[in-house]
Amino acid sequence: MTSVVMQADMAISQIVKNQKDFFRSGKTKDLEFRIAEIKKLNKLVQQYEQDIYDALYNDLNKPHYESMMVETGPFYAEIKHTLKHIREWAAPEIVPTSLFNTPGSSKIIREPYGNILVIAPWNYPFQLTFSPLVGAMAAGNCVIMKPSEHAPHTSAIMKKIINENFDSGYIHVIEGGVKETQELLNERWDYIFYTGGPEVGRIIYQAAAKHLTPVTLELGGKSPCVVHKDADIKLAAKRIAWGKWINSGQTCLAPDYLFVHIDAKDKLIDALKNAIIHAYGNEPIHSSDYCKIINEKHYNRLKGYLNDGEILFGGKFDDEKLKIEPTLLFNAPFHSTVMTEEIFGPILPIYTYNNIEEVIEFVNSREKPLATYLFTKSSAIQNKYLNNTSSGGVTINDTVLHISSSEMPFGGVGESGIGGYHGKFSFDTFSHKRSVLIRGPQPLDNFLRFPPYKKGRMNLMKALLKRFL
Ligand code: NAD
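Residues numbered from 1 in each chain as written. Predicted model: local features only at pLDDT ≥ 70, side-chain atom pairs only at ≥ 80, totals over all residues. Heavy atoms only, no water.

### Here we look at the nonpolar core
Most often, soluble globular proteins have nonpolar side chains that are buried together. Ranked by internal contacts, the top residues of the largest apolar core, which has 85 residues, are L41, F130, I162, L258 and L272. Taken together, domain 1 (7-219 + 420-431) and domain 2 (227-406) each give at least three residues to this core, which thus spans both. Look past the residues within four positions of F130 in its chain and what remains in contact with it is L41, V45, F75, M145, M158, I161 and I162. By size, the runner-up hydrophobic cluster in this structure holds 26 residues, among which are L302, I324, A332 and M339. (Core = buried A, V, L, I, M, F, W, Y, C linked by side-chain atoms within 4.5 Å. Buried < 20%, exposed > 50% of the residue type's maximum accessible area, 1.4 Å probe, protein only. Domains from an automatic or database assignment. Contact = heavy atoms within 4.5 Å.)

And the structure:
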C-alpha cells in the first residue's frame, strides 16, 4: 500500500497530530532540509506543469499562457527569490545592545511558528495555495493546505503533487469545503493564513481567536481606478483592460470601478472598447483567451449587476459557457448592488468627476480597498491621492502589477485584510521574531537597578536616562 492511500484514510486530527510530531522532531529547523524540500517542490511543479495548466483550464477556462504568467510564473519567481536569500533571511539579526544591558549582546532570531494552516480561494487556485507554502516552508514550518472546493481540478493536482511526494507530517493537502475547513479550524494552529472573502475571513479570525492564533487575512474589496485628464488615455485603457478582464475580472485586486475626469470620458470609453476588441475580438465570449465565471452561483450574481446601470459596451452572456462579456456600465447608482458588493467579475462601472477631491471623498467614504490605481502624469495629483487615501497597495499608471514584486509586501488594510506576504515578507510572516539578550558573565551591574531604592537615586537615574537614552 502506498503512503498516499494510507493518507487518504487518515482523519484530519491524525494528520494534524503527525504534523505536530514532525515539527517537534526539529527537522524543519535545519536550513539545508528546507532548501532541499523547496527545490524538490520546484521540480515537482515543473514536472506537473502541463497537468496544472489543464486543471486551471478545466476550472476556469484559464488559457495555458495566462496560467504560466499568473499562476506558475509567480510561484517560480517566489522560489528563485527565496532560494537566493533564504540564508540571509534566516541568519540571526544582530542589533545594538543598550547601555543598561552592557556588557551583553542582542539579536533577533527568526524561528518557525510550527504548524500552519493555509486556506486558499478558487480564483488563482494554484498560486494562492503554493506561494504562501513557499514562505511557510522557507521559515521552517509544517503546513496543511486547504484549497478551494470551487476549483476541484486544480485542488486535485495540488493534492497529487504534495501528498504523493512529501511526508504527510511535513506538508499535506486536505481537500474539502466548509465542513472540512471548519474541522480544520477546530484544531489548534500556530498560524493561519487565509485568502478569500471578508465574510469568511471573520469566521477564520474568530476561530483563531479561541487560541490567540496569529493570522494573515488576504481579503478583497472594491479597488478604485482613477483616470485623470492628463493621462495617456490609450495606454491607460490598455492597462486597465488587462487588469480588469484577465481571469474575467475574478481577480482580488482587479479595478472594481472607474472614475474618469469628465474631459477624458469619451476618449477613455472609446479606448477601452478598442482595447477589449484588440484583446478578445468582437465576440469575447468565443475567445479562447477569455476565462469563464467559476460557477453558476457567481455567474447569476454577476448577470444581476447588468441591470444596475446603462450598458455602454458588452453586456452579452452565454449560459452554457458561463461567460459574460467585458462590460462597461455607466452611472450605476452608488447604492446599487454593483457598487455595494465586490464585483469580482467582468463588469466595470464608470463615473465621471470634475476634480480629484470628489474622488478622494468617495474612496474614503468606502472601506479601505485591497488596491487602487491612478493614471496621471502629475506628481502633485499622485501625491494628493496617495496622501489622502489608504489601500493595501497602489500602482500608479498601471493596474495590478504591484503584486508581482517580491520586494514589497502584498496584502490589505482594514476590511481588505491583515498582514502581507511575498519574498522576505513571507519569510517574516511565517517566523516568530524572538528577541535574545545575552548578558556577559561578568558581575558588572548597574547598581541603580537593584533595591533598596535609596534617597537621591531618582535624580541620578533621570540624569542617566536623559544622557544615554
Ligand atoms: P472561496 O469561496 O473559495 O473561499 C475561500 C476559502 O474559504 C475556501 O477554501 C473555502 O473552502 C473556505 N470557506 C468558505 N466558506 C467557509 C466557511 N463558512 N467556513 C470556513 N471556511 C470557508 O473563495 P471566495 O471567498 O469566494 O474568494 C473570493 C474572495 O477572495 C474575494 O473577496 C477576493 O477579493 C478574495 N481574494 C483575495 C485575494 C488576496 O490575495 N487578497 C486573492 C484572491 C481572492
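Right, picking up where we left off after that structure.
### Section: the pairing of strand β8 (residues 223-227)
Most of β8 sits out of view: 5 of its 5 residues are buried. In β8, alternate side chains face the same way, and those of S223, C225 and V227 on one face and P224 and V226 on the other are all buried. For the crossover that starts at β8, traverses helix α10 (residues 233-245) and ends in the parallel strand β9 (residues 255-261), the hand is right-handed. For β8 and strand β15 (residues 371-375), the ladder comprises 3 bridges, and the chain directions are parallel. What sits directly across from C225, in β15, is Y373. (Helix = DSSP H or I, 4+ residues; strand = E, 2+ residues; numbered from the N terminus. Right-handed = clockwise from strand over helix to strand, strands pointing away. Pairing = 2+ DSSP bridges.)

### Quick look at the pattern of salt bridges
The final tally for this structure, using the stated rule, is 19 salt bridges. Ionic pairing is found between D319 and K303, a salt bridge with its closest N-O pair at 3.0 Å. Here K303 lies in helix α12 (residues 296-305) and D319 lies in the loop between β11 (317-318) and β12 (323-324), a separation of 16 residues in the sequence. For R439, the salt bridge goes to D445, with nearest N and O atoms at 3.8 Å. Overall, the relative accessible area of 29% leaves R439 in the partly exposed class. Here the salt bridges do not stand alone but share partners, grouping E93, R110, K424 and D428 into one network. (Salt bridge = Lys/Arg side-chain N within 4 Å of Asp/Glu carboxyl O.)

### Points about the site of the ligand
Around the ligand sit 28 residues, and of these K146, S148, E149, L219 and E342 come closest. In the model, an oxygen atom of the ligand is placed 2.7 Å from a nitrogen or oxygen of the S148 side chain. For the ligand, whose free accessible area comes to 840 Å², the fraction covered by protein is 91%. Looking at the shell around the ligand, the elements with two or more residues in it are α8 (178-185), β6 (191-195) and α9 (198-209). Of all the elements, α8 adds the most residues to the shell around the ligand, at 3 residues. In terms of residue class, the shell around the ligand is built from 15 nonpolar, 9 polar and 4 charged. A domain split of the shell around the ligand shows at least three residues from each of domain 1 (7-219 + 420-431) and domain 2 (227-406). (Near = heavy atom within 4 Å. Polar contact = N/O pair within 3.5 Å; in protein donor to acceptor, adjacent residues only side chain to side chain. Areas by Shrake-Rupley, 256 points an atom, 1.4 Å probe, with all protein chains shown as cover. Nonpolar A, V, L, I, M, F, W, Y, C, P; charged D, E, K, R; others polar.)

### Considerations on empty space enclosed by the protein
Going through the model one piece at a time under the given rule, you end up with 1 cavity of 30 Å³ or more. The space that makes up the largest cavity amounts to roughly 40 Å³. Taken together, G221, K244, G249, T251, C252, A254, P255, D256, E342 and F344 form the lining of the largest cavity. (1 Å grid on protein atoms, 1.4 Å probe; cavity = no way out; pocket = protein on both sides within 12 Å on 5 of 7 lines; lining within 4 Å. Points joined across faces, edges and corners; volume = space filled by probe spheres on them.)

### Here we look at the state of the cysteines
Scanning all chains against the criterion turns up 0 disulfides. Free of any disulfide, C252 has its nearest neighbouring cysteine sulfur in C291, separated by 14 Å. By relative accessible area, which is 15% here, C252 ends up buried. (Disulfide = S-S within 2.5 Å.)

### Some points on the pairing of strand β7 (residues 215-218)
Along β7, one buried face is formed by V215 and L217 and the opposite face, lined by T216 and E218, is buried too. By the bridge criterion, 2 bridges tie β7 to strand β17 (residues 417-418) in an arrangement that is antiparallel. Bridge pairing in β17 links L217 to I418.

### Quick look at the side chain of H422
Position of H422 relative to the elements: it lies in the loop between β17 and α16 (424-429). Beyond its immediate sequence surroundings of up to four residues, H422 is in contact with E78, I403, S405, S406, M408 and F410.

### Section: the side chain of T389
Structurally, T389 can be placed in the loop between α15 (379-388) and β16 (393-396). With a relative accessible area of 14%, T389 lands in the buried category. From its side chain, T389 meets the backbone oxygen of Y385 in a polar contact 2.6 Å long. Setting aside chain neighbours within four positions, we find T389 in contact with I360, V363 and N364.

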